[in-house]
Amino acid sequence: MIEIHLFEQLAAFASCGTLSAEAEQLHISQPALSRSMKRLEDELGVKLFDRQKSRLTLNENGELTVRYARNLLMQERTMIEQIREFDRKKRTISVGSCTPVLIPDFVSLLSSLYEGMTISTEVTGDPHLEEQIRENKYQIAILHEEPDTDDFYSLPIESEHLYVSLPPVHPLADAAGLYLKDLDGQTFLLYSQIGFWDGLCRRKMPSSRFLLQQEMDVLGELVENSAFPAFTTDYVMKRSRQETDRVIIPILDEEANVTYYCTCLKSEKARFMPVFRHFR
């Protein structure tokens, strides 16, 4: 069995062009590299180099061996990456969520039920979240619509309604309720990680501008000290209990009222049954 490091050194020689350059790159002495290349020739039983007084060059056998060596090394890297990824997935539960608000409690629940597992989360507004569950990018997910195919198992776990937050002097502050189209064209303060809500707002208010904020605390301060409208939800208000001078008006669009579903593939149902039992 030929040791893989001999092929690594051969590929390095082909890239560097000379033993001295390769020795400098690999931090190995030139005589040691020369012995390695001779050993590789002996292992293969063919000459790989044309040797001149102070020069070593690849012959046709060597050039062919370099191509095979590079392919072999690429396969080795791929194998190692896939094995490590397989091991990581065994020790990791990947969660995809269409909304950020449920993530803290959901992660806490998973951590208590699956001790020792790493919980990885991602908030996404990607409409193809179901497909990403099928592709095993996520093992369990929070969706804002119930899957309509038989390969999923899901359970409703929470609901949320969208509101707009306006300063008292805003022209629409006296409204009992508003549609998103009524707000189109205005400039909003918006949190950057709101999942599917982002797509809904942009779709329903194509003429509006959104000033995205990366930090929720900063967003809260800006909302309280500016005249820009912003959005909130009943879920957020119920948990923050923060007093505000702003007028909170419900959004009347049908899409502004959602039910969240904890979802996994049916093939993973047994694994995540403790999660679903918690929500029943």
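All values reported here derive from a predicted model rather than from experimental measurement. (Residues numbered from 1 in each chain as written. Predicted model: local features only at pLDDT ≥ 70, side-chain atom pairs only at ≥ 80, totals over all residues. Heavy atoms only, no water.)

Take the confidence of the model for the protein chain next. Residues with a pLDDT of 70 or more make up 100% of the protein chain, whose mean pLDDT is 91. Per-residue pLDDT, averaged within each element of the protein chain, yields its smallest value for helix 2 (residues 19-26) (78) and its largest for helix 7 (residues 180-183) (97). (pLDDT = per-residue confidence, 0-100. Helix = DSSP H or I, 4+ residues; strand = E, 2+ residues; numbered from the N terminus.)

It is worth spelling out the pairing of strand 2 (residues 55-58) at this point. Only one face of strand 2 is buried: it carries L56 and L58, and the other face, with R55 and T57, is open. The sheet contact formed by strand 1 (residues 49-52) and strand 2 spans four bridges and is antiparallel. Within strand 2, the position partnered with D50 by the bridge is T57. Counting the residues in the hairpin turn of strand 1 and strand 2 gives two residues. (Buried < 20%, exposed > 50% of the residue type's maximum accessible area, 1.4 Å probe, protein only. Pairing = 2+ DSSP bridges.)

The next subject is a positive patch on the surface. On the surface, a cluster of positive charge is made up of K266, K269, R277 and R280. In this structure, K269 sits in helix 11 (residues 269-279). Residue classification places K269 among the partly exposed residues on the basis of a relative accessible area of 32%. (Patch = residues over 30% accessible without salt bridge, like charges linked within 9 Å, V, L, I, M, F, W, Y side chains within 5 Å. Areas by Shrake-Rupley, 256 points an atom, 1.4 Å probe, with all protein chains shown as cover. Salt bridge = Lys/Arg side-chain N within 4 Å of Asp/Glu carboxyl O. Lys, Arg positive; Asp, Glu negative; His and termini not counted. Charge placed at Lys NZ, Arg CZ, Asp CG, Glu CD.)

Along the chain, L183 falls in helix 7. Spatially, the C-alpha atoms of L183 and K204 are 9.2 Å apart, while their sequence positions differ by 21 residues. Each residue touching L183, except ones within four places of it in the same chain, is listed here: V164, L172, L178, F188, M205, S208, F231 and I251. (Contact = heavy atoms within 4.5 Å.)

Per the stated rule, a full pass over the model turns up 11 salt bridges. Between D42 and K38 there is a salt bridge, and its shortest N-O distance comes to 2.9 Å. Taken together, the residues span about one helical turn, with D42 and K38 both in helix 3 (residues 30-44) at a distance of four residues. Among the ionic pairs, E255 bridges to K204, the shortest N-O distance being 3.3 Å. With E255 in the loop between strand 10 (247-250) and strand 11 (257-265) and K204 in helix 8 (residues 196-204), the pair connects residues that are 51 residues apart, well separated along the chain. Through salt bridges with shared partners, a single ionic network connects E3, R39 and E43.

Here we come to helix 1 (residues 4-16). The end-to-end C-alpha distance of helix 1 is 19 Å, a good match for the 18 Å that 13 residues give at a rise of 1.5 Å each. Within helix 1 the residues assigned to the buried category are L6, F7, Q9, L10, A11, A12 and F13. Packed against the buried residues of helix 1 are helix 2, helix 3, strand 1, strand 2 and helix 4 (60-90). (Expected span 1.5 Å × (residues − 1).)

Let us now look at the packing of helix 1 against helix 2. Helix 2 packs onto helix 1 with a crossing angle of 120° between their chain directions and a minimal axis gap of 8 Å. Accordingly, the angle class assigned to the pair helix 1 and helix 2 is oblique. Judged by the sense of rotation from one axis to the other, the crossing of helix 1 with helix 2 is right-handed. Packed against helix 1, whose contacting residues are Q9, A12, F13 and C16, the element helix 2 presents L19, A21, E22, Q25 and L26 at the interface. Here the contact of helix 1 with helix 2 is composed, by residue class, of six nonpolar, two polar and one charged. (Axes fitted to C-alpha atoms, helices over the stretch in contact; angles between N-to-C directions. Parallel < 35°, antiparallel > 145°, perpendicular 65-115°, else oblique. Left-handed = near helix turned anticlockwise from the far one by under 90°. Nonpolar A, V, L, I, M, F, W, Y, C, P; charged D, E, K, R; others polar.)

A few words on the pairing of strand 3 (residues 92-97). Among the six residues in strand 3, six count as buried, and that is most of the element. One ladder, built from six bridges, connects strand 3 with strand 4 (residues 118-123); its direction is parallel. From the neighbouring strand, T92 faces strand 4, where its bridge partner is T118. The parallel pair strand 3 and strand 4 is bridged by helix 5 (residues 103-113), and the resulting crossover is right-handed. (Right-handed = clockwise from strand over helix to strand, strands pointing away.)

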